[in-house]
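Next come the chains, spelled out residue by residue.
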Amino acid sequence: MAEPSTHESAPDVRVERDGGLAIVTIDRPKALNALSPDVLSALLGVVESLAAEGSAVRGVLVTGAGGRAFVAGADIRSMAGLTPEQGEEASRLGHRVAAAIEGLSAPVIACVDGFALGGGLELALACDFIYATDASSFGQPEVHLGLIPGFGGTVRLPRAVGLARAKELIYTGRRIDTAEAVAIGLVVRSFPDRESLLAGARATLAEVDANAAPAVALAKRVLVDAAGRRTESATDLEIAAFGDAFRTNDMREGVAAFMEKRDPVFTGV
Ligand SMILES: CCCCCCCCCCCCC/C=C/C(=O)SCCNC(=O)CCNC(=O)[C@H](O)C(C)(C)COP(=O)(O)OP(=O)(O)OC[C@H]1O[C@@H](n2cnc3c(N)ncnc32)[C@H](O)[C@@H]1OP(=O)(O)O
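Notes on the structure in this doc start here. Quick caveat, the model's predicted, so the values are computed rather than measured.

Considerations on helix H6 (residues 163-172)
Because an α-helix packs 3.6 residues into every turn, residues spaced three or four apart end up facing the same way. Of all the residues in H6, the buried ones are Ala166, Leu169 and Ile170. The buried residues of H6 occupy an angular sector of 90° when projected down its axis, which confines them to one face. Within H6, the exposed residues directed more than 90 degrees away from the buried face are Ala164 and Tyr171. Against the buried residues of H6 lie helix H5 (153-161) and strand E10 (176-177). Downstream of H6 by a residue or two, Gly173 has a phi angle that is positive, lying close to 70°.

In structure tokens form, the structure reads like this:
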């Protein structure tokens, strides 16, 4: 394949093109690629521009820079001062990114190398499937902050691992390693390191690319729409509940505790 060409698409989000392949990298390693408002907006712009290219885009990889995280979640600092209404708006922005990814006709593989937590795992779940390095970890730790998943995790995680396992992960907020993620069906394939992860994902997209693109696009559309048939009402529920979480003292305490690097003291209100 021709040498990938890199062009700066926006601060903190890079897009490399190699023919019909697009490699989207979230590049905020100092904050473990946390999803700030700017990153989310840039990501939405990138996905929408890929969608505008139609069938010229034959496959997409989404990954994180820095070698420690895919995405360690929504940017907690950005959430600290949000009103409940702004929280709901932020959740809606996250859902727009997820819907844009699911709306791409090309297959999208999340290539996780490091932490995929909270909004980061939800971003990976919006992709068609997840590949990961052996040393990665996954979780929805929002309850540790007095929050709930607000980027589609209450809808897509049960589809990926089943309702019972999704409840256990979301209620406990605990992290699981790649071996467990593969065992429960969250991760489709694991690799020893980043190089083999990206090579493996590229090989899969090349294998898909050898097939009839219209058939792959139709299959993706049916698989997404059928699974998402009830998505709109389910995600509306989540958005409203995400806003409710912002009305609790525990959420303010959870976020403050993280920023002050101390354990939270929850009061249950
Ligand atoms: C319009 C407003 C927009 C708001 C935001 C965007 C919109 C979001 C859309 C809606 C999504 C809502 C639903 C999603 C919610 C969430 O994702 S809540 C967050 C979930 N994630 C977490 O709780 C993980 C938090 N991080 C950690 O627990 C730890 O960092 C770690 C991953 C276990 C790694 O620990 P360690 O190795 O000790 O590294 P650290 O020193 O902790 O981290 C290095 C630096 O990175 C910063 N950082 C890490 N995670 C985040 C984060 N999620 N947000 C912001 N910053 C983060 C961390 O603070 C360190 O920075 P410095 O202190 O400056 O060194």
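Looking at the site of the ligand
In the vicinity of the ligand, 33 residues are found, and the nearest of them are Arg68, Ala72, Ala74, Ile76 and Gly119. Within the backbone of Ala74, one N or O atom sits 2.8 Å away from an oxygen atom of the ligand. Here Ile76 contributes a backbone N or O atom positioned 2.9 Å from a nitrogen atom of the ligand. In isolation the ligand has 1300 Å² of accessible area, and contact with the protein removes 78% of it. Structurally, the ligand is housed in the largest pocket. Residue assignment for the shell around the ligand shows that the elements contributing at least two residues are helix H1 (37-52), helix H2 (76-79), helix H3 (84-103), strand E7 (115-117) and helix H4 (119-126). In terms of residues, the shell around the ligand owes the most to one element, H2, which gives four residues. Here the shell around the ligand is built from residues that sort into 19 nonpolar, six polar and eight charged.

Re the environment of Leu43
Among the structural elements, Leu43 can be located in helix H1. Residues Leu43 and Asp12, spaced 31 residues apart in sequence, show a C-alpha to C-alpha distance of 9.0 Å. If sequence neighbours within four positions are ignored, Leu43 has contacts with Val13, Val24, Ile26, Val97 and Leu123.

A few points about the sheet that holds strand E9 (residues 137-139)
Reading across the sheet, the four strands line up as E5-E7-E9-E10 and stay open at both edges, with mixed pairing between neighbours. Edge positions in the open sheet fall to strand E5 (69-71) and E10, since each of these has one partner strand only. Two strands pair when backbone bridges link them, and E9 and E10 are joined in this way by two bridges, in the antiparallel orientation. Bridging across to E10, Phe138 finds its partner in Ile176.

Focus: the nonpolar core
Val24, Val60, Phe70, Leu123, Ile130, Phe138 and Leu186 are the most contacted members of the largest nonpolar core, which has 50 residues in total. The leading source of residues in this core is H1, at eight residues.

Some remarks on the side chain of Thr25
Within the fold, Thr25 resides in strand E3 (residues 21-26). When neighbours within four sequence positions are excluded, Thr25 is seen to be in contact with Asp12, Val13, Arg14, Glu16, Thr63, Gly64 and Ala65.

Notes on unusual backbone geometry
Positive phi, normally seen in glycine, also occurs at Leu32, with a value near 50°. As for its position among the elements, Leu32 is in the loop between E3 and H1. At Lys261, a residue that is not glycine, the phi angle is positive and equals roughly 55°. Along the chain, the position of Lys261 falls in the segment after helix H11 (249-259). The exposed category is assigned to Lys261, whose relative accessible area is 74%.

Description of the packing of aromatic side chains
Summed over the entire model, instances satisfying the criterion amount to three aromatic pairs. Both rings, one in Phe129 and one in Tyr131, keep their centres 5.6 Å apart while their planes meet at 40°; by these two values the pair is tilted.

So, the environment of Val60
Tracing the backbone through its elements, the reader meets Val60 in strand E4 (residues 59-64). Along the backbone, Val60 and Ala181 are 121 residues apart, and their C-alpha atoms lie at a distance of 22 Å. Other than its neighbours up to four places away in sequence, Val60 contacts Leu21, Ala22, Val24, Leu50, Leu104, Pro107, Val108, Ile109 and Leu205.

How each quantity is defined
- Residues take numbers from 1 onward in each chain, read along the sequence in its written order.
- Only residues with pLDDT of at least 70 are given local features in this predicted model, and only at 80 or more are side-chain atom pairs given and counted; all residues enter the totals for whole chains, interfaces and linings.
- Heavy atoms throughout the structure, all of them, feed into the side-chain values; hydrogens and water do not.
- Under the scheme applied here, a residue whose accessible area is under 20% of the maximum for its type counts as buried, over 50% as exposed, and between as partly exposed, the area being computed with a 1.4 Å probe on protein chains only.
- Each helix is a run of DSSP H or I of at least 4 residues and each strand a run of E of at least 2, with the numbering of both proceeding from the N terminus.
- Of all possible arcs, the one meant is that of the directions from the helix axis to the C-beta atoms.
- Residue contacts are counted whenever heavy atoms from the two residues lie within 4.5 Å of one another.
- One heavy atom suffices: a residue is near a molecule or strand as soon as one of its heavy atoms comes within 4 Å of it.
- As used in this structure description, the phrase polar contact means that two N or O atoms lie within 3.5 Å; if the pair is within protein, one of them must be able to donate a hydrogen and the other to accept it, and residues adjacent in sequence are counted only when both atoms belong to side chains.
- Surface accessibility in these figures is a Shrake-Rupley result with a 1.4 Å probe; residues are shielded only by whichever protein chains are displayed.
- A pocket here means an open set of points on a 1 Å grid, computed over the protein atoms alone, that has protein on both sides within 12 Å along at least five of seven lines. A cavity is instead a set of points where a 1.4 Å probe fits but cannot get out; residues with an atom within 4 Å of a point line either one.
- Here the criterion for a molecule occupying a pocket or cavity is that more than half of its atoms lie within 2 Å of the pocket grid points.
- Amino acids are sorted into nonpolar (Ala, Val, Leu, Ile, Met, Phe, Trp, Tyr, Cys and Pro), charged (Asp, Glu, Lys and Arg) and polar (every other residue, Gly among them).
- Any two strands with at least two DSSP-identified bridges between them are counted as paired.
- We call a set of buried Ala, Val, Leu, Ile, Met, Phe, Trp, Tyr and Cys residues a nonpolar core when their side-chain atoms join them within 4.5 Å.
- Only the six-membered ring of Trp is used, alongside the rings of Phe and Tyr, when aromatic pairs are assigned; centres must lie within 6.5 Å, and planes under 30 degrees apart are stacked while those over 60 apart are edge-to-face, with the rest tilted.

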